[in-house]
Amino acid sequence: PAFGWGQEGHRIIAKIAYDNLNRKAKKNVDAILGKQGIIYYANWADELKSDNIYPQSIKDGWHFQDFPAGLSDSIVADALIHYPTEGGNLYRVLDSLELDMAAEQISRTNMIHTLRFIVHLSGDRYCPMHMAHMDDKGGNAVKMKWFGRDTNLHTVWDTKLIESQGYSYTEYAEMLQHEYKDIKRQIEQASDEQLLVDSYHVTEAIYKYQEIWDGNTYHYIYTWRQPMERQLYIAGIRLAKLLNSIF
(Lines give C-alpha, C1' and ligand atoms only; values in the text may rest on other atoms or scores of the structure.)
Protein backbone atom coordinates (compact mmCIF):
# COMPACT_ATOMS: atom_id res chain seq x y z
CA PRO A 1 0.00 0.00 0.00
CA ALA A 2 1.09 3.58 -0.68
CA PHE A 3 0.36 5.32 2.59
CA GLY A 4 2.53 8.45 2.89
CA TRP A 5 3.84 9.26 6.39
CA GLY A 6 1.22 7.15 8.18
CA GLN A 7 -1.48 8.49 10.49
CA GLU A 8 0.74 10.29 12.97
CA GLY A 9 2.86 11.90 10.27
CA HIS A 10 -0.12 13.40 8.50
CA ARG A 11 -1.52 14.70 11.79
CA ILE A 12 1.84 16.30 12.61
CA ILE A 13 1.87 18.05 9.23
CA ALA A 14 -1.74 19.21 9.60
CA LYS A 15 -1.11 20.50 13.12
CA ILE A 16 1.92 22.51 11.97
CA ALA A 17 -0.13 23.90 9.09
CA TYR A 18 -3.07 24.78 11.34
CA ASP A 19 -0.79 26.63 13.75
CA ASN A 20 0.55 28.71 10.84
CA LEU A 21 -2.71 29.66 9.13
CA ASN A 22 -3.59 33.32 9.05
CA ARG A 23 -6.85 34.36 10.71
CA LYS A 24 -8.90 34.39 7.52
CA ALA A 25 -7.67 31.01 6.30
CA LYS A 26 -8.19 29.38 9.69
CA LYS A 27 -11.75 30.70 9.85
CA ASN A 28 -12.53 29.35 6.38
CA VAL A 29 -10.85 25.99 6.91
CA ASP A 30 -12.70 25.52 10.21
CA ALA A 31 -15.98 26.48 8.53
CA ILE A 32 -15.49 23.76 5.91
CA LEU A 33 -13.96 20.94 7.96
CA GLY A 34 -14.97 21.87 11.52
CA LYS A 35 -12.71 23.32 14.20
CA GLN A 36 -9.27 21.75 13.78
CA GLY A 37 -10.86 19.45 11.19
CA ILE A 38 -7.73 19.86 9.11
CA ILE A 39 -6.05 17.63 11.71
CA TYR A 40 -8.90 15.20 12.34
CA TYR A 41 -9.40 14.55 8.62
CA ALA A 42 -5.72 14.51 7.69
CA ASN A 43 -5.87 10.76 7.04
CA TRP A 44 -9.26 10.66 5.35
CA ALA A 45 -7.72 10.27 1.88
CA ASP A 46 -6.05 7.04 3.03
CA GLU A 47 -9.03 5.76 4.97
CA LEU A 48 -11.41 6.03 2.01
CA LYS A 49 -9.34 3.46 0.13
CA SER A 50 -11.64 0.91 1.75
CA ASP A 51 -14.71 2.76 0.42
CA ASN A 52 -16.11 2.99 -3.08
CA ILE A 53 -16.42 6.79 -3.19
CA TYR A 54 -13.53 7.00 -5.65
CA PRO A 55 -12.26 4.38 -8.13
CA GLN A 56 -9.25 2.40 -6.94
CA SER A 57 -7.08 3.60 -9.80
CA ILE A 58 -7.69 7.24 -8.85
CA LYS A 59 -7.21 6.66 -5.13
CA ASP A 60 -3.85 4.97 -5.55
CA GLY A 61 -2.42 7.09 -8.33
CA TRP A 62 -3.11 10.35 -6.55
CA HIS A 63 -0.80 9.77 -3.58
CA PHE A 64 2.63 9.54 -5.19
CA GLN A 65 4.89 10.42 -8.08
CA ASP A 66 7.73 7.94 -8.30
CA PHE A 67 10.88 8.66 -10.28
CA PRO A 68 13.75 6.66 -11.75
CA ALA A 69 17.11 6.94 -10.04
CA GLY A 70 19.81 9.34 -11.15
CA LEU A 71 17.75 12.15 -12.67
CA SER A 72 19.13 15.65 -13.11
CA ASP A 73 17.65 18.50 -11.07
CA SER A 74 16.11 20.05 -14.17
CA ILE A 75 14.27 16.87 -15.13
CA VAL A 76 12.88 16.47 -11.61
CA ALA A 77 11.74 20.10 -11.47
CA ASP A 78 10.10 19.76 -14.88
CA ALA A 79 7.71 17.16 -13.42
CA LEU A 80 5.73 20.03 -11.89
CA ILE A 81 5.07 21.48 -15.36
CA HIS A 82 5.08 18.50 -17.71
CA TYR A 83 3.47 15.82 -15.60
CA PRO A 84 5.17 12.41 -15.92
CA THR A 85 3.15 9.82 -17.84
CA GLU A 86 4.00 7.04 -15.40
CA GLY A 87 4.82 6.57 -11.74
CA GLY A 88 1.76 8.31 -10.31
CA ASN A 89 -0.32 11.45 -10.59
CA LEU A 90 0.39 13.43 -7.42
CA TYR A 91 1.44 16.75 -8.95
CA ARG A 92 -1.25 16.75 -11.63
CA VAL A 93 -3.91 16.00 -9.02
CA LEU A 94 -2.79 18.67 -6.56
CA ASP A 95 -2.86 21.34 -9.27
CA SER A 96 -6.33 20.20 -10.30
CA LEU A 97 -7.62 20.22 -6.73
CA GLU A 98 -6.35 23.77 -6.17
CA LEU A 99 -8.27 24.89 -9.26
CA ASP A 100 -11.38 23.10 -7.99
CA MET A 101 -11.22 24.96 -4.67
CA ALA A 102 -11.04 28.26 -6.53
CA ALA A 103 -14.05 27.49 -8.71
CA GLU A 104 -17.11 29.67 -8.16
CA GLN A 105 -19.50 26.76 -8.66
CA ILE A 106 -18.57 24.00 -6.20
CA SER A 107 -20.95 22.09 -3.95
CA ARG A 108 -20.32 21.92 -0.23
CA THR A 109 -19.68 18.17 -0.38
CA ASN A 110 -17.14 18.59 -3.17
CA MET A 111 -15.51 21.45 -1.28
CA ILE A 112 -15.14 19.30 1.83
CA HIS A 113 -13.70 16.35 -0.09
CA THR A 114 -11.40 18.56 -2.15
CA LEU A 115 -9.96 20.27 0.93
CA ARG A 116 -9.46 16.95 2.70
CA PHE A 117 -7.55 15.68 -0.33
CA ILE A 118 -5.41 18.81 -0.49
CA VAL A 119 -4.48 18.51 3.20
CA HIS A 120 -3.42 14.89 2.79
CA LEU A 121 -1.77 14.94 -0.62
CA SER A 122 0.22 18.07 0.20
CA GLY A 123 1.82 16.02 2.95
CA ASP A 124 2.49 13.07 0.63
CA ARG A 125 4.33 15.46 -1.66
CA TYR A 126 7.21 15.75 0.84
CA CYS A 127 7.41 12.10 1.87
CA PRO A 128 10.63 10.70 0.34
CA MET A 129 9.01 7.34 -0.33
CA HIS A 130 6.26 9.01 -2.34
CA MET A 131 8.83 10.09 -4.89
CA ALA A 132 10.83 6.90 -4.67
CA HIS A 133 11.87 4.45 -7.40
CA MET A 134 9.27 2.98 -9.71
CA ASP A 135 11.05 -0.36 -10.04
CA ASP A 136 10.68 -1.24 -6.34
CA LYS A 137 7.13 0.07 -5.87
CA GLY A 138 8.18 3.16 -3.95
CA GLY A 139 10.37 1.23 -1.52
CA ASN A 140 7.71 -1.36 -0.72
CA ALA A 141 9.83 -4.07 -2.32
CA VAL A 142 12.99 -3.07 -0.41
CA LYS A 143 12.95 -5.50 2.51
CA MET A 144 14.41 -4.52 5.88
CA LYS A 145 14.65 -5.66 9.49
CA TRP A 146 13.49 -3.15 12.12
CA PHE A 147 14.53 -4.27 15.59
CA GLY A 148 14.50 -7.82 14.26
CA ARG A 149 11.06 -7.66 12.63
CA ASP A 150 10.41 -7.85 8.90
CA THR A 151 9.37 -4.59 7.24
CA ASN A 152 10.26 -2.54 4.17
CA LEU A 153 11.74 0.83 3.31
CA HIS A 154 8.39 2.46 2.57
CA THR A 155 6.92 1.44 5.93
CA VAL A 156 10.00 2.68 7.78
CA TRP A 157 9.46 6.15 6.34
CA ASP A 158 5.68 6.03 6.65
CA THR A 159 5.55 5.17 10.31
CA LYS A 160 8.48 3.53 12.05
CA LEU A 161 10.92 6.45 12.10
CA ILE A 162 8.22 8.73 13.49
CA GLU A 163 6.98 6.20 16.04
CA SER A 164 10.56 5.58 17.23
CA GLN A 165 10.52 9.01 18.91
CA GLY A 166 7.54 8.25 21.13
CA TYR A 167 5.84 11.66 20.79
CA SER A 168 2.14 12.31 20.37
CA TYR A 169 1.35 14.21 17.17
CA THR A 170 0.80 17.43 19.14
CA GLU A 171 4.10 17.06 21.01
CA TYR A 172 5.95 16.34 17.79
CA ALA A 173 4.37 19.28 15.94
CA GLU A 174 5.26 21.64 18.78
CA MET A 175 8.81 20.34 18.98
CA LEU A 176 9.37 20.68 15.24
CA GLN A 177 8.04 24.23 15.19
CA HIS A 178 10.49 25.15 17.93
CA GLU A 179 13.40 23.19 16.46
CA TYR A 180 13.08 24.48 12.90
CA LYS A 181 11.64 27.97 13.38
CA ASP A 182 14.84 29.57 12.06
CA ILE A 183 14.24 28.12 8.57
CA LYS A 184 10.51 28.89 8.39
CA ARG A 185 10.91 31.98 6.19
CA GLN A 186 13.37 30.15 3.93
CA ILE A 187 10.82 27.37 3.40
CA GLU A 188 8.00 29.81 2.75
CA GLN A 189 10.04 31.67 0.16
CA ALA A 190 11.46 28.62 -1.63
CA SER A 191 10.02 27.66 -5.00
CA ASP A 192 8.03 24.46 -5.46
CA GLU A 193 10.68 23.32 -7.93
CA GLN A 194 13.56 23.79 -5.46
CA LEU A 195 11.75 21.95 -2.68
CA LEU A 196 10.90 19.10 -5.05
CA VAL A 197 14.53 18.79 -6.10
CA ASP A 198 15.66 18.91 -2.45
CA SER A 199 13.20 16.14 -1.58
CA TYR A 200 14.45 14.05 -4.50
CA HIS A 201 18.01 14.42 -3.17
CA VAL A 202 16.82 13.12 0.21
CA THR A 203 15.22 10.13 -1.50
CA GLU A 204 18.36 9.35 -3.48
CA ALA A 205 20.48 9.62 -0.33
CA ILE A 206 18.15 7.15 1.43
CA TYR A 207 18.69 4.61 -1.35
CA LYS A 208 22.46 5.07 -1.30
CA TYR A 209 22.53 4.62 2.46
CA GLN A 210 20.53 1.42 2.05
CA GLU A 211 23.46 -0.06 0.14
CA ILE A 212 25.89 0.41 3.04
CA TRP A 213 23.59 0.12 6.06
CA ASP A 214 24.78 -2.52 8.54
CA GLY A 215 21.26 -3.40 9.75
CA ASN A 216 21.58 -1.56 13.05
CA THR A 217 18.18 0.05 13.66
CA TYR A 218 19.54 2.53 16.20
CA HIS A 219 22.09 3.71 13.67
CA TYR A 220 19.34 4.11 11.07
CA ILE A 221 17.26 6.25 13.43
CA TYR A 222 20.32 8.34 14.37
CA THR A 223 21.13 8.95 10.70
CA TRP A 224 17.65 9.72 9.38
CA ARG A 225 15.62 11.23 12.23
CA GLN A 226 16.54 14.83 11.45
CA PRO A 227 16.08 14.58 7.67
CA MET A 228 12.68 12.98 8.31
CA GLU A 229 11.69 15.72 10.76
CA ARG A 230 12.77 18.43 8.34
CA GLN A 231 10.53 16.95 5.64
CA LEU A 232 7.59 16.89 8.05
CA TYR A 233 8.16 20.52 8.99
CA ILE A 234 8.52 21.60 5.37
CA ALA A 235 5.27 19.80 4.52
CA GLY A 236 3.41 21.58 7.32
CA ILE A 237 4.72 25.05 6.48
CA ARG A 238 4.03 24.62 2.77
CA LEU A 239 0.50 23.37 3.45
CA ALA A 240 -0.12 26.47 5.56
CA LYS A 241 1.23 28.66 2.75
CA LEU A 242 -1.05 26.95 0.23
CA LEU A 243 -4.17 27.28 2.38
CA ASN A 244 -3.35 30.92 3.18
CA SER A 245 -3.18 31.59 -0.55
CA ILE A 246 -6.43 29.72 -1.32
CA PHE A 247 -8.43 31.49 1.37
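Relevant structure appears above.
## Remarks on the pairing of strand S1 (residues 143–146)
Now for step 1: Where burial is concerned, the two faces of S1 differ: the one with Met144 and Trp146 is buried and the one with Lys143 and Lys145 is not.
Now for step 2: Of the strand pairs in this sheet, S1 and strand S2 (residues 149–152) are connected by 4 bridges, and their pairing is antiparallel. The residue of S2 that forms the bridge with methionine 144 is threonine 151.

## Notes on helix H12 (residues 192–212)
Now for step 1: Under the 1.5 Å per step criterion, the end-to-end length of H12 is 31 Å for 21 residues, consistent within 8% with the ideal 30 Å.
Now for step 2: Taken as a whole, H12 has its buried residues at Leu195, Leu196, Val197, Ser199, Tyr200, Val202, Thr203, Glu204, Ile206, Tyr207, Tyr209 and Gln210.
Now for step 3: In this structure, the buried side of H12 is in contact with helix H6 (73–78), helix H7 (90–102), S1, helix H9 (153–163), helix H11 (184–189) and helix H13 (217–246).

## Here's the deal with the nonpolar core
Now for step 1: One finds Ile38, Trp157 and Tyr220 to be the most contacted residues of the largest nonpolar core, which totals 81 residues.
Now for step 2: No other element matches H13, which puts 13 residues into this core.
Now for step 3: Dropping the residues within four chain positions of it, tryptophan 157 is found in contact with Trp5, Pro128, Met129, Ile206, Tyr220, Trp224 and Met228.

## With respect to the environment of tyrosine 220
Now for step 1: If you trace the backbone, tyrosine 220 turns up in helix H13.
Now for step 2: Since its relative accessible area comes to 0%, tyrosine 220 is described here as buried.
Now for step 3: Taking the C-alpha atoms as reference points, tyrosine 220 and tryptophan 146, 74 residues apart in sequence, are found 9.4 Å from one another.

## Focus on the pattern of salt bridges
Now for step 1: Counted by the stated rule, this structure contains 4 salt bridges.
Now for step 2: We note a salt bridge from lysine 15 to aspartate 19, for which the minimum N-O separation is 3.2 Å. Here lysine 15 and its partner aspartate 19 are both found in helix H1 (residues 6–19), 4 residues apart, which amounts to about one turn of the helix.
Now for step 3: Classification of lysine 15 as buried rests on a relative accessible area of 14%.
Now for step 4: Exposure remark for aspartate 19: the relative accessible area of 32% places this residue in the partly exposed category.
Now for step 5: Between aspartate 150 and lysine 145 there is a salt bridge, with the nearest N and O atoms lying 2.6 Å from each other.

## Some thoughts on the packing of helix H2 (residues 23–33) against helix H8 (residues 108–124)
Now for step 1: Interhelical geometry of H2 versus H8 gives an angle of 115° and a closest axis separation of 9 Å. Regarding H2 and H8, the two cross each other, and that crossing is left-handed. For the pair H2 and H8, the contacting residues are Val29, Ala31, Ile32 and Leu33 in the first and Arg108, Met111, Ile112, Leu115 and Arg116 in the second.
Now for step 2: A breakdown of the residues in the contact of H2 with H8 according to their chemical character gives 7 nonpolar, no polar and 2 charged.

## Thoughts on H13
Now for step 1: Given a rise of 1.5 Å per residue, 30 residues ought to cover 44 Å, and the 41 Å separating the end C-alpha atoms of H13 matches this to within 8%.
Now for step 2: The sharpest bend along H13 reaches about 45° and sits at tryptophan 224, with the proline proline 227 one to four residues further on.
Now for step 3: For H13, the N-terminal capping position is held by asparagine 216, with its side-chain oxygen 2.9 Å away from the main-chain nitrogen of tyrosine 218.

Cut-offs applied
Residues numbered from 1 in each chain as written. Predicted model: local features only at pLDDT ≥ 70, side-chain atom pairs only at ≥ 80, totals over all residues. Heavy atoms only, no water. Buried < 20%, exposed > 50% of the residue type's maximum accessible area, 1.4 Å probe, protein only. Helix = DSSP H or I, 4+ residues; strand = E, 2+ residues; numbered from the N terminus. Pairing = 2+ DSSP bridges. Expected span 1.5 Å × (residues − 1). Contact = heavy atoms within 4.5 Å. Core = buried A, V, L, I, M, F, W, Y, C linked by side-chain atoms within 4.5 Å. Salt bridge = Lys/Arg side-chain N within 4 Å of Asp/Glu carboxyl O. Axes fitted to C-alpha atoms, helices over the stretch in contact; angles between N-to-C directions. Left-handed = near helix turned anticlockwise from the far one by under 90°. Nonpolar A, V, L, I, M, F, W, Y, C, P; charged D, E, K, R; others polar. Bend = angle between axes of the 7 residues up to and from the residue. Polar contact = N/O pair within 3.5 Å; in protein donor to acceptor, adjacent residues only side chain to side chain.

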